[in-house]
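# Topology and contacts: notes
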Amino acid sequence: MSAGKLLLVDGSSYLYRAFHALPPLGNSRGEPTGAVLGVINMLNKLLKDEAPERIAVVFDAPGRTFRDDLFEQYKAHRPAMPEELRAQVQPLLDVVTALGLPLLRIPGVEADDVIGTLAKRGAAAGFTVLISTGDKDMAQLVGPGIGLVNTMSNTRLDREGVKAKFDVFPEQIVDYLALVGDSSDNIPGVTGVGPKTAAKWLNRYQTLEAIVAHAAEIPGKVGENLRGELATLELSRRLATIVTDVPLDVEPADLRGSPENLQALRALYARLELRLLLKSLEATAPGAGPATVESLAGAAPGAAPGAPAHPVSRAAPAAAAPPAGPAVATRHYAMITEQPALAAWLSILAAAPLVSFDTETDSLNYMRARIVGLSFAVTAGEAAYVPLAHDHVGAAQQLDRDAVLAALRPWLEDPARFKLGHHLKYDMHVLANHGIALAGHRYDTMLESYVLNSTANRHDMDSVAEQYLGIRTIHYEDVAGKGAKQLAFSQVEVARATEYAAQDADVTLQLHRALWPRIEAQPLLQSLYETIEQPLVAVLYRMERTGVLVDRDRLQAQSAELAARMCELQTEAHREAGGEFNLDSPKQLQEILFGKLGIPVQRKTPTGQPSTAEDVLEELAVEHALPRLILDYRGVAKLKSTYTDKLPDQIEPSTGRIHTSYHQAVAATGRLSSSDPNLQNIPVRTPEGRRIRQAFVAPAGHVLLAADYSQIELRIMAHLSGDDALLRAFAADRDVHRATASEVFGLPEEAVTADQRRSAKAINFGLIYGMSAFGLARQIGIGRAQAQQYVDRYFERYPGVKRYMEETRAQARENGFVETVFGRRLYLPEIRSRDAARRQYAERSAINAPMQGTAADIIKRAMIDVDGWIRREGVRARLIMQVHDELVLEVAADAAGAVARELRERMARSAELKVALKVDVGAGGNWDEAH
């Protein structure tokens, strides 16, 4: 007869899963609460579903464990617990304790070992044991009387379930883990052995000992790896083995719950502002626990009312956890309009180790903006605004702008006086317009937010403040109005401007205090910020300030040519349609394509109309001439309206150049983007696009150098996957597309045709972007079955790539994010979505994001290095553009050869990968010639 159900909850697994599964939530004081809420909701659901007679919630104890003594590098690669998660540990322990649930944290071992010990003892004592966890390692515990349940995925595993999931039985899981290893725990494993290889070996040989005994029989590189790494296998197995004989002062039968401490729960839920839990609690009858724990609330015989019914050592409730961000109860904002007050603030700025600083201006155009006022903060809740150029009727008397800036110049230009801001690059430009070179720009909360989580929200100050501080800031529209009636900031009433501007400086300081500890807690993110993102600000500032010379006359001539080409295409389209119609009208185009010409509708819009979107027209263009003409017409019209018509108007009169804006905190992968104009979208594969590039020119006596990383994402794929065939192809400097064609089509490389190479190129790039066989078939114009054969053959020839993709998808589902080589985290909030399309998109992103992100990091490192070299050595060259994987420099003509050689070498050294980086450099009088 069963002694009842014993439920063992892996609290540490719950904590991390809840933290990564839920968006960052917080209370009004900035304390993070999402993980606490997630864990309590999962516990309540679990208790309701399982109604156990005994339960324990087990967490890892702080400090070293015996595994750290076995292997000093155990979990060494795992970043420190994020500060926003650490701040939630004690509140969660307090809530679990107040719920009356037995809570265990045993020093020297991990939660897995405590659970393993209790599971074995519980099964031996006749309990039906259920372990609730998301940790695959726990599968080794499954056996008679012991099963697993994953609350988040609502899946259960018994012996056959383990076999179905891992293709090995529970008793083989330890050997399986020893072979595969675990990157998150830094368990070595065998190089190149993934889940499928490990399962295949264990199904053939049954045990690790037998695999070792037959190691000489295992062929290929993976067999060599196994034989070369036998010495570490036993260590890997010991690290992966869950200990089941931990000395405990509690037995499974002791693990009864005690009644909830309603007073403590109310206080905790109220402080954390978990309103739904508080409301549910208030609905509970006084003195009675909720239905989810009724079966656990009976006191042991002889126990005092309300006393713990078991001898389990609980985690003692502690004082409130420190908030993630500062809780500022009051604020004081000063308006500085008198010289003594300014002098006092100058003394404060000179003495402060860090000052939050912001400018208010009369324009968003960084080349033309002039200062209207300045704001400063050194203490949360206190800030000052110095109005300098408010000119509305009745404006208060203000200090002289030139005199104030002259007084501030020594501090602003002192690199030892550290400044903090939000999007400081703009402030650098504004100060430069007044002849001041800002130095000491140490922190930027826009970049801190971006480095911490690029996908969590937009990174403007209003969004970030609401996300991390729970503050709704005063928006610009609140003080200046909207639309056509919006005021220039100089027209905003000074008192209202003070409240707005001082709050900017104050909130930026509070944001830094909330965000920076979280970045510091993850050394890779801190390094990413300090060695890439922050140093890049000054590089981009100089590039923007320099700008690029364009030929106005050439652009205007091109506009006329494009207009003529549009007329030609319109005439051809009318001929194909059998009459005139407006090519810019989707409605008329629908009537022609799907009515008059009778072409079958491919897809409908949300309003039920036949779609004429670009991808639909691309499909139709395979068999029909008119859709291709429409696509060509749209492409030419876009070039004309976006570039040849607009670029001449964007020339800055004071420099004769175009000054784009580079954005660091937009693309989730870390890539830079640009606007006004957008340099990233000028086509390079069409004659019209290349002609626009011809209008980007070098001044007299100079040339443009264009340096482009060759096939960088494929090289990164070779590095990340470790695929032998790819690595060999790049090491031999072979044409990787021809090499792939050779592998896929089974031909010698010299026999590969141009069409076969083109197909191989589509496969190489398509697969790293997550393209399906269906997508490949459409792209290269073959049948789906044939495309699938190509894909299958590709993965047979490049098994390392397939293994990387499978493991990356699995890690993304497990962690909720992927990482670049340099530690940039790319969160994938849809990776566990129930919507198949969203989930599949996230899975494709999981494959591609580490490559795009690593490529972005590499070119940023190159920009910092090249800019530093130019400035240190007085090289007669200037960085003027960055587009995708390309850098463009303006170079004195007689120095071009030497600069090109050094540039190629420096860019190639920007990362140490398993394959060499290759850089193509060209020179010319314009951008197209140099490319």
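Only a predicted model underlies this, so the values are computations on that prediction, with no experimental measurement involved. (Residues numbered from 1 in each chain as written. Predicted model: local features only at pLDDT ≥ 70, side-chain atom pairs only at ≥ 80, totals over all residues. Heavy atoms only, no water.)

## Remarks on the sheet that holds strand β15 (residues 657–658)
Reading across the sheet, the three strands line up as β13-β15-β14 and stay open at both edges, with antiparallel pairing between neighbours. Each edge of the open sheet carries a strand with a single partner, namely β13 (548–549) and β14 (651–652). (Pairing = 2+ DSSP bridges. Helix = DSSP H or I, 4+ residues; strand = E, 2+ residues; numbered from the N terminus.)

## Remarks on the packing of helix α17 (residues 445–452) against helix α20 (residues 494–520)
At their nearest, the axes of α17 and α20 sit 9 Å apart, and the two run at 35 degrees to each other. Crossing of α17 against α20: the hand is left-handed. Touching Thr445, Glu448, Ser449 and Leu452 of α17 are Thr508, Leu511, His512, Leu515, Trp516, Arg518 and Ile519, all from α20. Its residues placed into classes, the contact of α17 with α20 shows five nonpolar, four polar and two charged. (Axes fitted to C-alpha atoms, helices over the stretch in contact; angles between N-to-C directions. Left-handed = near helix turned anticlockwise from the far one by under 90°. Contact = heavy atoms within 4.5 Å. Nonpolar A, V, L, I, M, F, W, Y, C, P; charged D, E, K, R; others polar.)

## Things to note about the sheet that holds strand β22 (residues 886–892)
The four strands are arranged β21-β22-β18-β23 in an open sheet whose pairing can be described as antiparallel. Each having just a single partner strand, β21 (877–883) and β23 (919–924) make up the two edges of the open sheet. Neighbour-to-neighbour, the strand axes of this sheet turn through a mean angle of 20 degrees, independent of strand direction. Here β21 pairs with β22 via six bridges, running antiparallel. The partner of valine 883 across the bridge, within β22, is glutamate 886.

## What to know about helix α12 (residues 262–272)
Within α12, the full set of buried residues consists of Leu262, Leu265, Leu268, Tyr269, Arg271 and Leu272. One or two residues past the end of α12 sits glutamate 273, with phi positive at roughly 60 degrees. (Buried < 20%, exposed > 50% of the residue type's maximum accessible area, 1.4 Å probe, protein only.)

## Description of the pairing of strand β4 (residues 128–132)
Along β4, four of the five residues are buried, which leaves the element largely enclosed by surrounding structure. With five bridges joining them, strand β1 (residues 5–10) and β4 adopt parallel strand pairing. Paired with leucine 8 across the two strands is isoleucine 131, which belongs to β4. Sheet topology places β4 next to strand β5 (residues 146–150); four bridges connect them, and they run parallel. Each bridged residue has a counterpart across the sheet, and for serine 132 the counterpart in β5 is valine 149.

## Overview of the confidence of the model for the chain
In regions of low pLDDT, the predicted coordinates are not meant to be interpreted in detail. In this model, the chain carries a mean pLDDT of 86, and residues with pLDDT of at least 70 account for 92%. Note that residues 285–327 has pLDDT below 50 and, in this model, 89 contacts with residues that lie over four places away or in other chains. (pLDDT = per-residue confidence, 0-100.)

## Concerning helix α33 (residues 799–815)
A rise of 1.5 Å per residue sets the reference length of α33, with its 17 residues, at 24 Å; its end C-alpha atoms lie 24 Å apart and thus fit the reference within 8%. Looking at α33, one finds that the buried residues are Gly800, Val801, Tyr804, Met805, Thr808 and Ala812. Down the axis, α33 shows its buried residues gathered within 135 degrees of arc, on one side only. Buried-residue contacts for α33 involve α27 (712–721), α28 (724–731), α30 (754–768), α32 (784–797), β19 (817–819) and α34 (836–873). Following α33 by one or two positions, glycine 816 adopts a phi angle in the positive range, close to 85 degrees. (Expected span 1.5 Å × (residues − 1). Arc of directions from axis to C-beta.)

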